[in-house]
Number of protein chains: 4
Amino acid sequence: MLNGEKKIARPLRWAMIGGGRTGQVGYKHRIGALRDNTAYQLVAGAFDIDAERGIDFGVNLGVDANRCYPDYIKMFKEEAKREDGIEVVSIATPNGTHYEITKAALEAGLHVICEKPLFFTVAEGEEIKALAEKQGKIVGVTYGFSGNQLLLQMRAMIEQGKIGDIRVVDLQYTHGFSATEQGDKTNAAQKWRVDPKVAGPSFVLGDLSTHTYYMSELIMPNMKIKKLLCDRQSFVGSRAPLEDNAFVLMQYENGAVGRLWTSSINAGCMDGHRIRIVGSKASLEWWDSKPNELKFEVQGEPIQTLIRAMPYLDETCNADERLGALHQEGLTESWANIYLKFAIAIDAKNRGDEETLKNLVYPDINAGIEGIRWIEKCVRSADNGSVWVEYESKKPQLV
Amino acid sequence: MLNGEKKIARPLRWAMIGGGRTGQVGYKHRIGALRDNTAYQLVAGAFDIDAERGIDFGVNLGVDANRCYPDYIKMFKEEAKREDGIEVVSIATPNGTHYEITKAALEAGLHVICEKPLFFTVAEGEEIKALAEKQGKIVGVTYGFSGNQLLLQMRAMIEQGKIGDIRVVDLQYTHGFSATEQGDKTNAAQKWRVDPKVAGPSFVLGDLSTHTYYMSELIMPNMKIKKLLCDRQSFVGSRAPLEDNAFVLMQYENGAVGRLWTSSINAGCMDGHRIRIVGSKASLEWWDSKPNELKFEVQGEPIQTLIRAMPYLDETCNADERLGALHQEGLTESWANIYLKFAIAIDAKNRGDEETLKNLVYPDINAGIEGIRWIEKCVRSADNGSVWVEYESKKPQLV
Amino acid sequence: MLNGEKKIARPLRWAMIGGGRTGQVGYKHRIGALRDNTAYQLVAGAFDIDAERGIDFGVNLGVDANRCYPDYIKMFKEEAKREDGIEVVSIATPNGTHYEITKAALEAGLHVICEKPLFFTVAEGEEIKALAEKQGKIVGVTYGFSGNQLLLQMRAMIEQGKIGDIRVVDLQYTHGFSATEQGDKTNAAQKWRVDPKVAGPSFVLGDLSTHTYYMSELIMPNMKIKKLLCDRQSFVGSRAPLEDNAFVLMQYENGAVGRLWTSSINAGCMDGHRIRIVGSKASLEWWDSKPNELKFEVQGEPIQTLIRAMPYLDETCNADERLGALHQEGLTESWANIYLKFAIAIDAKNRGDEETLKNLVYPDINAGIEGIRWIEKCVRSADNGSVWVEYESKKPQLV
Amino acid sequence: MLNGEKKIARPLRWAMIGGGRTGQVGYKHRIGALRDNTAYQLVAGAFDIDAERGIDFGVNLGVDANRCYPDYIKMFKEEAKREDGIEVVSIATPNGTHYEITKAALEAGLHVICEKPLFFTVAEGEEIKALAEKQGKIVGVTYGFSGNQLLLQMRAMIEQGKIGDIRVVDLQYTHGFSATEQGDKTNAAQKWRVDPKVAGPSFVLGDLSTHTYYMSELIMPNMKIKKLLCDRQSFVGSRAPLEDNAFVLMQYENGAVGRLWTSSINAGCMDGHRIRIVGSKASLEWWDSKPNELKFEVQGEPIQTLIRAMPYLDETCNADERLGALHQEGLTESWANIYLKFAIAIDAKNRGDEETLKNLVYPDINAGIEGIRWIEKCVRSADNGSVWVEYESKKPQLV
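These numbers were taken from a predicted model, which means no experiment stands behind them.

Asks: Is there a simple way to think about the overall build of chain A in this case?
Replies: Helix and strand counts for chain A stand at 14 helices and 14 strands. A compact globule built from 399 residues would reach a C-alpha radius of gyration of about 21 Å, and chain A, at 21 Å, matches this within 12%. Overall, the C-alpha framework of chain A stretches about 65 × 50 × 40 Å when taken along its three principal axes. Within chain A, the fraction of its 399 residues that count as buried is 62%.

Structure below.
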């Protein structure tokens, strides 16, 4: 149960790169980080590619004008001179810039929190991972939906054998907001997402399905994909080769199978983010559109609906609880939960507290790399005629 | 709007083969056929492999004892001698017997209504189709869910362009009642379904997904599958090579894509029969668990829920309406609707009324053959390593 | 589990009065009675106030033309002359005719099944009850929703103490189809419902809420209303003094309280028929729009959804099961269930089998009288300034 | 659309009284006030009746230890000495203390934000209102659910005539967390709620229904109650005379009727906070358990579900939007919205900007007084035998 009391000795001095006035994502970072003012303080930023607009924006957020920078390079340089300079930076810029900014930040001695998909290639991910380790810094990845507590309930119930052996994994993250090409031309945040130079090798596979893929790993840490097949399409032709719709089939090492649908052309769909895990005895199902509910369906028994914050939930789930039962939590709390864990990780790293780090479940650099691997494998399958490809996961098979 | 008044001059003299006391399916045929007593009269039957039990059962249904037969061969022979002998027979026996009984019935000059999947091979289907044409008889196939009126609403809205061009087809028919092998041993109706000699080359692909596949054809008569890929599993190992779970991916000739999930090991799932059609402008979604509702989701507009029997529905949909809005219809009405159409088809065939036959939408011999083709292609794909196979549909591409 | 096999020695010879082509209710009686052809045979009828139309209609239903009568008086007279004359008659005419037809039918030696609300006054009900007893005949009342099996599940769970002591009863039967006065003028079935001479002292209290009130008695046979208060309105002014909306508050003898909302001006409402029973430990909730589901909410535990036909349900509930789990039942099955019980009651009465009659739960003459009492008390309260009135139930308080 | 940028020149210096570690409500105030750090800064507090615990708590929230006070009297005195002393104080203490603290705060020259129900009597409310006016200060009341944007959508649609004339108002705020008396003894936050000396003349009428009553006023500012009847019960006897369940019937001046159910013994209910407004053409329905959805049901048309943040919503609704469509908002955003409006009101008051104040819709002192009036009238009715009482609303009837 969280109530805003401090979890680390003092708030971290935090800056943002990107996330300015013209996009939606920056606010999610801020509500995540600044939820209780006991984990982070926003002290600096290079909020916008338009430097003037970015400074105006930062001042409106309460940042000192002279710590609102025109770009991240200047920010790293100037902040390094201050005794109270920034300690951690969040990167909420288009995909194509993540690698160079993360690298620069680590080299500047900063911890990093970065948007997904992390980089373009697994190789880049491995390189940055090595750099972060060398620098003794944390790299967190904002899989922003993954802080929903009921995902931890799913994880606990699966670990406890409540659904038996996992047989089928059914993942979906779809919406219809790009059903036409209109937004590709008029909406800045959409425009770069369909430009391979900025977005990387995928559109929805990276933009949407990496969230859901990570959530499936969070829920089922011991499941390992063996083979995967992806069929992707560009229904709005101008997006090719980037896909606006894709189907993926998975075969896991334990014999389970899975599938995923990701799409931005699922016209009219407002509840298209869902996870169902089918076991030999029971299934669990969670919908992002009803984040406070978890279906637990035991074959042959009444369907159960578990409600967030109730005492019957696992303590690992309720540890992230804030508002109490009957009081609806939403995406805000999900972001707050992962940002709080980033802070705890950073604080532990700073203190050399490896025990805390080992037990902390949050989307770290490995989760970021696995997200890139997911995209790489999907794209490789799709581009070779939607054939099966070996997954070659590097994740240790725990069970 | 149907109210039980006769649609044909007099009720057809009808018999059943199988569908006795120990299974569930026979009752569905009877509620379909006997709904209003103006389309069929149950006058004879060979209801059970256990002849004595079958006769006792028939008498309990009100059939004359001397028209309750020990087997279909005797029934065809004896009924042929009567002036008021049977005209149409329904076959509700295990899959492996469909072909021989259908053939014998047609040769005996009877119309046939048969359970799905119709036969084991497309070749058998084509042979029987030729025989039926020669005999001037109807062969109907009991895709029992396909009589739900709102499927005709979907068909009408798609034809009218209400969702734009079809892009994605998402089909699912899953449940969890065979999550364990227990029923395979103790439940007679389940036992033969996992025996290849009786069930044919598939379990759930034939038992479940042929329903949903036909419903998709009913809804989208102009869509034609180009290629298909199927990955099937036997989670209860003793069922191998028959699958209890399968994923299918489809590519249609117009560039649309589709997927289907069928399973009898989707533990705890009580609402796993769903159809979603995504168009370039809007989507339609229907769940068998809420058969009186149809979701119509136009991108950028409020979600619409259309309710059965309301005046705003298409006249082709409301033509099958019986109970009025607010009054829930269910599977009974679905069966009644298709059985009524079989009767209208038989009557038209008898009268040589080809105009009526041409315009009547119901699951005929072609629908039966397409169901077999579906299974054949899925099995071929799965058994060759879950690879893409050409579909080679024989259906004319209308658009 | 019902499968259509006979429950009585032979089908009863049955006739209908009213229920012709121009209304919706007659078809519901027929699908109820004729579901399996083992309980009733439709052999005669006076289907319509327009005699010619009624005869045409009857013939279309398969009734012999010479047993389609211009009115019930002639039918009773002519049928009495036949050896195979009718034994039971269903009355589906406007309210104002129920009393005289029922009386005539009983005097003609017939069993009676009558639409609700039974008559205009409790006194009439008591008189007919005495007459029925004298004649040794059954009077059943078609509370057509009350055959939904899950209501028996609620009854069983309450009796077994699963929800603890009943504290709050929340009843609702509302729709919006009379939100305007249009139907009052153009729709024959609606026109008489707002005419006090034909409809009696109430519109929606009688037309809708008597259903729900009876269902509450079925579920909670031991609960007895002590006092009641009703506030009724005529939002379409031309309906006054008949109400199109009413609120009722109840106080039960055991200290529980209740409320009911009935309305035909609840604009747009398509799911307005609901029952919630709150106990000291748990609640049960059933919605007519989802008739195959029952919510069981134990305070402090996950919400449970019980599904029709599952083995975990009470045997009294599953005794009325027909189609199997996953297969949606609807209003058709509800009517079939109560009609089957009427037949069993009639058969038992004919055989003098009081034991069967004593244990059979169905809407009998007492249920009809209690429905009239409900209306009388509501109207008395409303017409006296919406004050509390003593209920003076004649029902024995069992617990 | 809100993104955290400042709406007033600088954050207000804010303190809390109560809302410490042992209760749930304090955190809701803080997430409301501190959402973006541009409206408030938490600089002081008297967080707990246990002074030591309160100081420890405040320090953990990041408040300077020397501004964590043992009680509000000392806080007002000490803060008054500082140049950077507090400007506004939130009161999150048990009901019985609201009046004296509010009075003291206003006399100390502070703006006040206070929990509901505001005070025990309307007379106290009027006295404080006069004092606030004299002092030139704002008194806001934390009806914490009333910041849900879709309530403003309802308000806009009703004002625009989208549902026609209002006929029926159906309000409910119920849960089952006090189904037993256990919490009355063990849970500090529950204990005082059933003690008339601390809670005032009601339990659930004040604790729950004042929220919903205010929301109904927000949605329908022109509706005025004429008469009201309340039946209240204490199912857990030790709570008497305070009720744990109550039914209220309302008659409005325009001829509409309403009803409300409030309860803390609605066992197992997790979705019991709902508002339905029925008009002559259509209805609107909102459930707190699905705060991102609004049902719009036009009689005779498909049911519409409106989704938060979509462009088709009214601009007054979307003005409070933060996260974008598909991204679930919850109770956090509701509190943030009302706290932001308090800040705007305070800032306007400070600047003498009456124009802004006139147009700002938020729960002010009048909303607080009307909440007390609601309780007073309900209790008067209930305590006089659940009779109708005149409402004597002081609110001007605008239409």
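Asks: Explain unusual backbone geometry here, please?
Replies: Across residues other than glycine, the phi torsion is negative in most instances, and most of the peptide bonds are trans. All names here are of chain B. Of note, the amide linkage connecting Lys116 to Pro117 takes the cis form, showing an omega dihedral of -15°. Turning to its location among the elements, Pro117 is positioned in the loop between β4 (111–114) and α5 (122–135). Look at the link from Ala240 to Pro241: it is a cis peptide, with omega at 10°. Mapping Pro241 onto the fold places it in the loop between β7 (225–233) and β8 (245–252).

Asks: Is there a simple way to explain the pairing of strand β1 (residues 12–18) of chain C in this structure?
Replies: Walk down a regular strand and you will see the side chains alternate between the two sheet faces. Residues and elements named next belong to chain C. With five of seven residues buried, β1 is to be regarded as a mostly interior element. Alignment of β1 against strand β2 (residues 40–46), held across six bridges, turns out to be parallel. By the bridge assignment for β2, Ile17 is matched with Ala46. Read as a crossover between parallel neighbours, the route from β1 over helix α1 (residues 25–33) to β2 is right-handed. Bridge count for β1 against strand β3 (residues 88–92) is five bridges, and the pairing is parallel. For Met16, the partnering residue across the bridge sits in β3 and is Ser90.

Asks: Could you clarify how one ought to interpret the packing of helix α5 (residues 122–135) of chain A against helix α14 (residues 365–383) of chain A in this entry?
Replies: Helix-helix packing is described using two parameters, namely the angle between the two axes and the distance between the axes. Residue and element names in this part refer to chain A. The geometry of α5 relative to α14 is characterised by a closest axis approach of 9 Å and an angle of 170° between their N-to-C directions. With respect to each other, α5 and α14 are oriented roughly antiparallel. Contacts between α5 and α14 pair Val122, Gly125, Glu126, Ile128, Lys129 and Ala132 from the former with Ile365, Gly368, Ile369, Ile372, Arg373 and Glu376 from the latter.

Asks: I'm lost on the relation of the copies chain B and chain A in this one. Help?
Replies: A rotation about some axis, followed by a shift along it, carries one copy of the chain onto the other. With an RMSD of 0.0 Å, chain B superimposes on chain A once it is rotated by 180° and translated 0.0 Å along the axis. The relationship between the two copies is best expressed as a two-fold rotation axis. Proximity to the rotation axis, assessed at the C-alpha, singles out Val387(B) in chain B; its C-alpha lies 3.7 Å from the axis. When the interface residues of chain B are mapped onto chain A, 100% of them are again interface residues, pointing to one common binding face.

Asks: Would you mind showing me how to read the domain arrangement of chain A here?
Replies: Frequently, the measure chosen for interface size is the accessible area that the parts lose on association. All names here are of chain A. The assigned domain composition of chain A is domain 1 (12–145) and domain 2 (148–322 + 365–390). At the interface, 22 residues of domain 1 touch 24 residues of domain 2. If you list the elements that add at least two residues to the side of domain 1 that touches domain 2, you get α5 and β5 (139–141). It is α5 that provides the largest number of residues to the side of domain 1 that touches domain 2, a total of six residues. Taken together, the residues of the side of domain 1 that touches domain 2 break down into twelve nonpolar, seven polar and three charged.

Asks: Before we go on, may I ask you to explain the interface of chain B and chain A in this structure?
Replies: Chain B puts 32 residues into the contact, and the matching count from chain A is 32 residues. Of all the secondary structure elements, the ones that give two or more residues to the side of chain B that touches chain A are β6 (166–174), β7, β8, β9 (257–263), β10 (273–279), β11 (282–287) and β12 (293–298) of chain B. Looking at the side of chain B that touches chain A, the element that brings in the most residues is β9(B), giving four residues. Split into classes, the residues belonging to the side of chain B that touches chain A amount to 16 nonpolar, eleven polar and five charged.

Asks: Looking at this model, I keep getting lost on the UniProt feature "domain: Gfo/Idh/MocA-like oxidoreductase C-terminal" (unreviewed entry) in chain A. Mind explaining?
Replies: Feature annotation in UniProt assigns "domain: Gfo/Idh/MocA-like oxidoreductase C-terminal" (unreviewed entry) to the following positions: residues 155–390 of chain A. Between the first and last C-alpha atoms of residues 155–390 of chain A the distance is 26 Å; the span itself is 36% helix and 25% strand.

Asks: Looking at this model, I keep getting lost on the relation of the copies chain B and chain D. Mind explaining?
Replies: Superposing chain B onto chain D takes a rotation of 180° combined with a translation of 0.0 Å along the rotation axis, leaving an RMSD of 0.0 Å. The overlap is high: 100% of the interface residues of chain B also sit at the interface in chain D, so the same surface is used on both sides.

Asks: Any chance you could explain the packing of helix α10 (residues 204–219) of chain A against α14(A) here in plain terms?
Replies: All names here are of chain A. Viewed as axis vectors pointing N to C, α10 and α14 meet at an angle of 120°, and their least axial separation amounts to 9 Å. Judged on the interaxial angle alone, α14 and α10 are oblique. Like other packed secondary-structure pairs, α10 and α14 cross with a definite hand, here right-handed. Facing α10, whose interface residues are Leu205, Gly206, Thr210, Tyr213, Tyr214 and Glu217, α14 presents Ala367, Glu370, Gly371, Trp374, Ile375, Cys378 and Val379. Class assignment for the residues of the contact of α10 with α14 results in eight nonpolar, three polar and two charged.

Asks: Hey, could you run me through the environment of Asp271(C) in this one?
Replies: All names here are of chain C. As for its placement among the helices and strands, Asp271 is situated in the loop between β9 (257–263) and β10 (273–279). Take Asp271: there are 17 C-beta atoms within 10 Å of it, and that puts it in the partly exposed class. Between the alpha carbons of Asp271 and Asp288 there is a distance of 7.1 Å; along the sequence they are 17 residues apart. Apart from residues lying up to four places away in sequence, Asp271 is in contact with Trp287 and Ser289.

Asks: Please clarify how the interface of chain B and chain D should be interpreted in this entry.
Replies: At the interface, eight residues of chain B touch eight residues of chain D. For the side of chain B that touches chain D, the residue count by class is five nonpolar, two polar and one charged. In the sheet, strand β13 (residues 303–307) of chain B pairs with strand β13 (residues 303–307) of chain D via three bridges, with the strands oriented antiparallel. Each residue of the ladder has a partner; that of Ile303(B), found in β13(D), is Thr305(D).

Asks: What am I meant to see in the nonpolar core here?
Replies: Generally speaking, a soluble globular protein has its nonpolar side chains buried in company with each other. One finds Ile277(A) and Ile277(B) to be the most contacted residues of the largest nonpolar core, which totals 260 residues. Residues from two domains meet in this core; each of domain 1 (12–145) and domain 2 (148–322 + 365–390) of chain A gives at least three. Leaving out residues up to four positions away in the same chain, Ile277(B) has contacts with Met154(B), Ile158(B), Ile163(B), Ile166(B), Val169(B), Ile219(B), Met220(B), Ser283(B) and Leu284(B). Ranked by size, the runner-up nonpolar core spans 256 residues in total, among them Val204(C), Leu208(C), Ala246(D) and Val257(D).

Asks: Help me understand the sheet that holds strand β2 (residues 40–46) of chain D, please; the structure alone is not making it clear to me.
Replies: The strands making up a sheet are joined through hydrogen bonds of the backbone, oriented either antiparallel or parallel. Residue and element names in this part refer to chain D. If you walk across this open sheet you meet the five strands as β2-β1-β3-β4-β5, and the pairing is parallel. Bordering the open sheet on either side are β2 and β5 (139–141), each of which pairs with just one other strand. In this sheet, adjacent strand axes meet at a mean angle of 25° when their direction is disregarded. The strands that helix α3 (residues 72–81) touches are β1 (12–18) and β2; relative to β2, the one it contacts most, it runs at about 125°.

Asks: Would you mind going over helix α2 (residues 51–60) of chain C with me for this structure?
Replies: Residues that lie three or four places apart on an α-helix share one face, since the helix turns once every 3.6 residues. Residue and element names in this part refer to chain C. Within α2 the residues assigned to the buried category are Gly54, Ile55, Phe57 and Gly58. Burial along α2 is one-sided: seen end-on, the buried residues are contained in an arc of 165°. Against β2 lie the buried residues of α2. Phi turns positive, to about 100°, at Gly62, one or two residues after α2.

Asks: What's the story with the environment of Leu326(B) in this structure? I'm lost.
Replies: Relative to the helices and strands, Leu326(B) resides in the loop between α11 (315–318) and α12 (331–351). A count of 21 C-beta atoms within 10 Å places Leu326(B) in the buried class. Taking the C-alpha atoms as reference points, Leu326(B) and Ser209(B), 117 residues apart in sequence, are found 30 Å from one another. When near neighbours in sequence (up to four residues on either side) are disregarded, Leu326(B) contacts His175(C) and Met270(C).

Asks: Explain the sheet that holds strand β3 (residues 88–92) of chain A to me, please; I cannot follow it from the model alone.
Replies: Residues and elements named next belong to chain A. If you trace the five strands from one edge of the open sheet to the other, you get β2-β1-β3-β4-β5, paired in parallel fashion. Looking along the sheet, the strands with just one partner apiece sit at the ends: β2 (40–46) and β5. Here the strands of the sheet are splayed against their neighbours by 25° on average, with no regard to which way each runs. The pairing of β3 with strand β4 (residues 111–114) spans four bridges and is parallel. Considered in β4, the bridge of Ile91 is made with Cys114.

Cut-offs and rules
- Residues numbered from 1 in each chain as written.
- Chains lettered and ligands numbered in written order.
- Predicted model: local features only at pLDDT ≥ 70, side-chain atom pairs only at ≥ 80, totals over all residues.
- Helix = DSSP H or I, 4+ residues; strand = E, 2+ residues; numbered from the N terminus.
- Rg over C-alpha atoms; globule rule 2.2 N^0.38 Å.
- Buried ≥ 20, exposed ≤ 12 C-beta atoms within 10 Å, placed from the backbone.
- Pairing = 2+ DSSP bridges.
- Right-handed = clockwise from strand over helix to strand, strands pointing away.
- Axes fitted to C-alpha atoms, helices over the stretch in contact; angles between N-to-C directions.
- Parallel < 35°, antiparallel > 145°, perpendicular 65-115°, else oblique.
- Contact = placed C-beta atoms within 7 Å.
- Least-squares fit on C-alpha atoms with pLDDT ≥ 70 in both.
- Domains from an automatic or database assignment.
- Nonpolar A, V, L, I, M, F, W, Y, C, P; charged D, E, K, R; others polar.
- UniProt positions renumbered as here; feature names shortened; annotations may be inferred.
- Left-handed = near helix turned anticlockwise from the far one by under 90°.
- Core = buried A, V, L, I, M, F, W, Y, C linked by C-beta atoms within 7 Å.
- Arc of directions from axis to C-beta.

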